[in-house]
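The lines below spell out each chain.
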Amino acid sequence: MLPVRLEDLKALIEENKDLVVKIGHNYEISRPLALKLWQYLVSKVMEAGGSIKESVKVDYASTDMVIVSVSCTVIVGESEITLCEVGEAHRSEGKEDTLARTAYTRAMKRLLERLVGEDFINQVIKKMFPEVREVPASENQKRLIVSLVREGKLTKEMVERVLGPGASLNQALRENTLTFSQARRLIDMAKGRVNGQAT
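In this text, all values refer to a predicted model and were calculated from it rather than measured experimentally.

Engineer: Account for unusual backbone geometry, with residues named and values stated.
Structural biologist: Of note, N176 is a non-glycine position whose phi angle comes to about 60 degrees, a positive value. Positionally, N176 belongs in the loop between α7 (169-174) and α8 (180-190). Assessed through its relative accessible area of 39%, N176 is described here as partly exposed.

Written out as structure tokens, the structure reads:
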């Protein structure tokens with residue numbers, strides 16, 4: 001639906017490699033780069049005679065963690081789509097003074113990838129920084145996942161969507177192979193934050 005070229009978005013990241021920052025053990029796009037990607041998207045939608053509207057909301061804020069949701073509605077011709085994505089940032093990542101900005105950027109990154117329908121940002125970053133290995137899930141994430149399983153909110157189908165067909169969550173937790181981003185996706189799915197709708 002969106003009048004954008006994936007190659008252009010990928011090229012924009014590659015051309016602005018200096019705006020990719022290291023947070024903890026991972027490389028992520030910075031807020032200025034997220035805004036550049038967003039501006040490209042907005043300009044293409046406008047060129048096609050469409051409209052795009054963004055709204056930002058702080059869902060949770062404390063000294064240890066901030067959760068931000070970013071929503072957007074895109075109208076092109078007769079088609080209309082509304083999406084929402086969530087981003088979080090933790091003080092333990094060493095970004096104490098920029099938690100809100102980091103959470104916003106992560107939400108925007110997910111929103112951009114949802115709009116395009118592909119995790120192009122991760123693909124480009126992995127290509128630019130092939131030495132980077134994902135960090136394992138945090139102890140807090142593991143505890144929350146176990147709790148969500150007990151409550152029946154995290155299903156086998158959700159686990160297989162994230163970890164692959166036939167994957168065992170117990171084994172991944174036991175062997176410490178569950179990554180931070182996989183854990184984050186599982187938690188988001190269990191809490192109904194996938195596809196921009198609460199369940």
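Engineer: Please provide a residue-by-residue account of the pattern of salt bridges, values included.
Structural biologist: This model, assessed by the stated rule, comprises 15 salt bridges. Residues E88 and R110 are paired through a salt bridge, measuring 3.7 Å at the closest nitrogen-oxygen approach. In this pair, E88 is assigned in strand β5 (residues 79-90) and R110 in helix α3 (residues 99-116), connecting sequence segments 22 residues apart. By relative accessible area, R110 is classed as buried at 13%. With its nearest N and O atoms 3.0 Å apart, the salt bridge here joins K109 to E113. Residue K109 and its partner E113 are located together in helix α3, separated by four residues, close to a single helical turn. Residue classification places K109 among the buried residues on the basis of a relative accessible area of 18%. Among the charged side chains, a network of salt bridges with common partners joins E88, R110, R184 and D188.

Engineer: Can you tell me about the environment of E47, naming the residues and giving the values?
Structural biologist: Summarising the element assignment, E47 is placed in helix α2 (residues 31-47). Exposure remark for E47: the relative accessible area of 61% places this residue in the exposed category.

Engineer: Pulling in residues and values, what's your account of the side chain of E88?
Structural biologist: Look at E88 and you get buried, because its relative accessible area is 6%. Discounting chain neighbours no more than four positions away, the residues touching E88 are V66, I67, A103, R106, R110 and R184.

Engineer: For the packing of helix α1 (residues 6-15) against α2, give the residues involved together with the corresponding values.
Structural biologist: It is at 10 Å that the axes of α1 and α2 come closest, and there the two elements cross at 155 degrees. Put simply, α1 runs roughly antiparallel to α2. Two packed elements cross with a definite hand, and for α1 against α2 that hand is right-handed. Across the interface between the two elements, D8, L9, L12 and I13 of α1 pack against L33, K36, L37 and Y40 of α2. Residue classes in the contact of α1 with α2 are distributed as six nonpolar, no polar and two charged.

Engineer: Could you give an account of the state of the cysteines, naming the residues involved and the relevant values?
Structural biologist: Scanning the model with the defined rule gives zero disulfides in all. Not part of a disulfide, C84 finds its nearest cysteine sulfur in C72, a span of 9.1 Å. Residue classification places C84 among the buried positions, given a relative accessible area of 18%.

Engineer: Now, about the packing of aromatic side chains: what can you tell me, with residues and values included?
Structural biologist: Under the criterion given, the structure shown has one aromatic pair. When the centroid spacing of 3.8 Å and the interplanar angle of 5 degrees are considered together, the rings of Y27 and F129 count as stacked. Of this pair, Y27 sits in strand β2 (residues 26-29) while F129 sits in the loop between α4 (120-128) and α5 (139-150); the two residues are 102 residues apart in sequence, bridging distant segments of the chain. Cation over ring: K17 sits above F129, and NZ or CZ is 5.1 Å from the ring centre.

Engineer: So, the sheet that holds β5: which residues are in play, and what are the values?
Structural biologist: Hydrogen bonding along the main chain pairs the strands of a sheet, whether they run parallel or antiparallel. Spatial ordering of the open sheet is given by β3-β4-β5, a layout of three strands whose pairing is antiparallel. Looking at which strands have only one partner, the edges of the open sheet turn out to be β3 (51-61) and β5. Within this sheet the neighbouring strands show an average axis-to-axis angle of 15 degrees, counted without direction. Across twelve bridges, strand β4 (residues 65-76) lies against β5 in antiparallel orientation. Across the sheet, T73 pairs through a bridge with T82, a residue of β5. In the packing of α3 onto the sheet, contacts are made with β3, β4 and β5, and the angle to β5 comes to roughly 145 degrees.

Engineer: An account of the nonpolar core is needed here, citing residue identities and associated values.
Structural biologist: Across soluble globular proteins, nonpolar side chains have a tendency to be buried as a group. In terms of nonpolar packing, the biggest core is built from 39 residues, with I13, L37, W38 and L115 touching the most fellow members. Put simply, the parts of the chain that give this core at least two residues each are α1, α2, β4, β5, α3 and α4. When residues in this core are grouped by element, the largest group, eight residues, is from α3. Excluding anything up to four places from it in sequence, L37 contacts L9, L12, I13, I29, L112, F120 and I121.

Rules behind the numbers
Residues numbered from 1 in each chain as written. Predicted model: local features only at pLDDT ≥ 70, side-chain atom pairs only at ≥ 80, totals over all residues. Heavy atoms only, no water. Helix = DSSP H or I, 4+ residues; strand = E, 2+ residues; numbered from the N terminus. Buried < 20%, exposed > 50% of the residue type's maximum accessible area, 1.4 Å probe, protein only. Salt bridge = Lys/Arg side-chain N within 4 Å of Asp/Glu carboxyl O. Contact = heavy atoms within 4.5 Å. Axes fitted to C-alpha atoms, helices over the stretch in contact; angles between N-to-C directions. Parallel < 35°, antiparallel > 145°, perpendicular 65-115°, else oblique. Left-handed = near helix turned anticlockwise from the far one by under 90°. Nonpolar A, V, L, I, M, F, W, Y, C, P; charged D, E, K, R; others polar. Disulfide = S-S within 2.5 Å. Phe/Tyr/Trp six-rings, centres within 6.5 Å; stacked < 30°, edge-to-face > 60°. Lys NZ or Arg CZ within 6 Å of the ring centre and 35° of its normal. Pairing = 2+ DSSP bridges. Core = buried A, V, L, I, M, F, W, Y, C linked by side-chain atoms within 4.5 Å.

Distances and angles like these do not, on their own, reveal function.
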